[in-house]
Amino acid sequence: MIRPALAVALSRLASAGTPLQSGALLDIASLFPTFELRVAASVLVTVAVVAIWRVGARLHDTEVDAVSMPVWHLSVTMLRLVVVVAGGAFVFALWSLSGDIGTISAQYDLNRRTFVRIGLSAASVVGAYVLTSVLGRFIKEIASTRPEISDHQREIIYRIAQVTTYLATLAVILGIWRADLGGFLVGAGFLGIVVGMAARQTLGALIAGFVIMFSRPFEIGDWVEVGDHEGIVTEITVVNTRIQTFDGEFVMIPNDVVSSESLVNRSRKGRLRLDVEVGVDYDTDVDRAAEVAQATVEDLDEVLSVPKPQVVAKRFGDSAVVLGVRPWIDRPSARRWWRARTATISAVSEAFDEADITIPFPQRALSERDPSGPIPLTDARPEASPETDGGVESGEVGNDAPSGSEEADR
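- As annotated in an unreviewed UniProt entry, the protein chain carries the name Mechanosensitive ion channel family protein and is attributed to Haloferax chudinovii.
- What UniProt states about the protein chain under its Sequence similarities (unreviewed entry) heading is, verbatim, "Belongs to the MscS (TC 1.A.23) family."
- Quoted straight from UniProt, the Subcellular location (unreviewed entry) entry for the protein chain says "Cell membrane".

Take a look at the structure:
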């Protein structure tokens, strides 16, 4: 008796629940009876999903004391996924219940399997995007706790994970549509040849970008000089390298140019040596001048005490013996370099002034010729000129001109 009664009750509940459910589903389509209203509703839902997605990205970076960071990040990520799935389900239900999808499927001979494949492909693309975002944050968190992982290495790991994820997604989508991978690979090979011939420079920059990422001649934040450009590396991509110069300009250099030009990395060792030249008079004791300069530079706060600054005699100049003052600075940057150089020049100049050591300016010594005159190149006597021997034009009588009595005798 109990089992038949229970069966009757369940059947009544099921029969009562079915119209409610179908009516609830039909109400979604009845709320938007026209095509324009369905388009407006789809746009509004899409905008809402995008807004919630961005708000979730901000919440993802917020630190919450009551919850551990991994749990908080996972919760926010799941919430964003639920919002995306719910928004997509709403839009799909709106258009399917209205009959528009059925009309389109009948018009273009699309069956249910095709729509399932489209949905799975779209879900795969969205999932790949979300997965790359989660992987990027995960890699960033791990790198922040490991000091041995630099920003450059973190960027390489993220790019490799991103490319791998998108390639795997592409393979999944091709499997969903049951594409012929053999023919696809053959076509991709021919397309690669055509693209390679048309974009040799771009592909060269792309390959050079991967070489730079793995060889690591410089990292983000390094002070480098590439050809005629000098500055701080701000970004390294697979195509180009971006440098901020000391004048505030941003220079974008293709990676193939970076790999072919001479490269100077001033931040590689974490310290940099300056070379400031100063000249002393030839009458000055060079050893004493070097001792004064070295003692002065060692007391400066802008330079390192270890390694010790050095002062060496470099060369004989036109007017002075040139000394090279060589202090070191740590964490090289343009600001530190100019500050240390200015302090060194000022300190050495004051110390030499106090020690009566002359820093000469360029000068030349003039001397007259031998009184015997120039050495003749030939035995011929040089011809007289009006400027040297005089002449009639000047109204003067030269030394060799005949006198008046001699003229009368003639």
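**Some words on the pairing of strand E7 (residues 276–280)**
Here is step 1: Most of E7 is tucked away: 4 of the 5 residues are buried.
Here is step 2: Taken together, the 5 bridges between E7 and strand E9 (residues 321–326) define a ladder with antiparallel strand orientation. Residue pairing in the sheet places valine 280 in a bridge with valine 321 of E9.

**So, the pattern of salt bridges**
Here is step 1: Enumeration over the complete set of coordinates arrives at 11 salt bridges.
Here is step 2: Close ionic contact of arginine 326 with aspartate 275 constitutes a salt bridge, the shortest N to O distance being 3.9 Å. Residue arginine 326 is found in strand E9, and its partner aspartate 275 is found in the loop between strand E6 (271–273) and E7; the two are separated by 51 residues along the sequence.
Here is step 3: In this structure, lysine 314 and glutamate 277 form a salt bridge, with 2.9 Å as the shortest nitrogen-oxygen distance. With lysine 314 in strand E8 (residues 310–316) and glutamate 277 in strand E7, this residue pair connects regions lying 37 residues apart in the sequence.
Here is step 4: Exposure remark for lysine 314: the relative accessible area of 31% places this residue in the partly exposed category.
Here is step 5: Given the relative accessible area of 40%, glutamate 277 is considered partly exposed.
Here is step 6: Within the structure, one salt-bridge network assembled from shared partners comprises Asp275, Glu277, Lys314, Arg315 and Arg326.

Criteria and thresholds
Within each chain, residue numbers correspond to sequence positions counted from 1 in written order. Only residues with pLDDT of 70 or above have their local features reported here, since the model is predicted, and side-chain atom pairs are shown and tallied only from 80 upward, although totals for entire chains, interfaces and linings are computed over all residues. As a rule here, side-chain values come from all non-hydrogen atoms in the structure, and water together with hydrogens is ignored. UniProt positions are given in the numbering used here, feature names are shortened, and annotations may be inferred rather than shown by experiment. The classification of residues rests on relative accessible area computed with a 1.4 Å probe and restricted to protein chains. Under 20% of the type maximum is buried, over 50% is exposed, and intermediate values are partly exposed. Secondary structure is summarised from DSSP: a helix means a run of H or I of at least four residues, a strand means a run of E of at least two, and numbering begins at the N terminus for each. DSSP bridges decide pairing: two strands pair if at least two such bridges lie between them. Salt bridge criterion: a side-chain nitrogen from Lys or Arg within 4 Å of a carboxyl oxygen from Asp or Glu.

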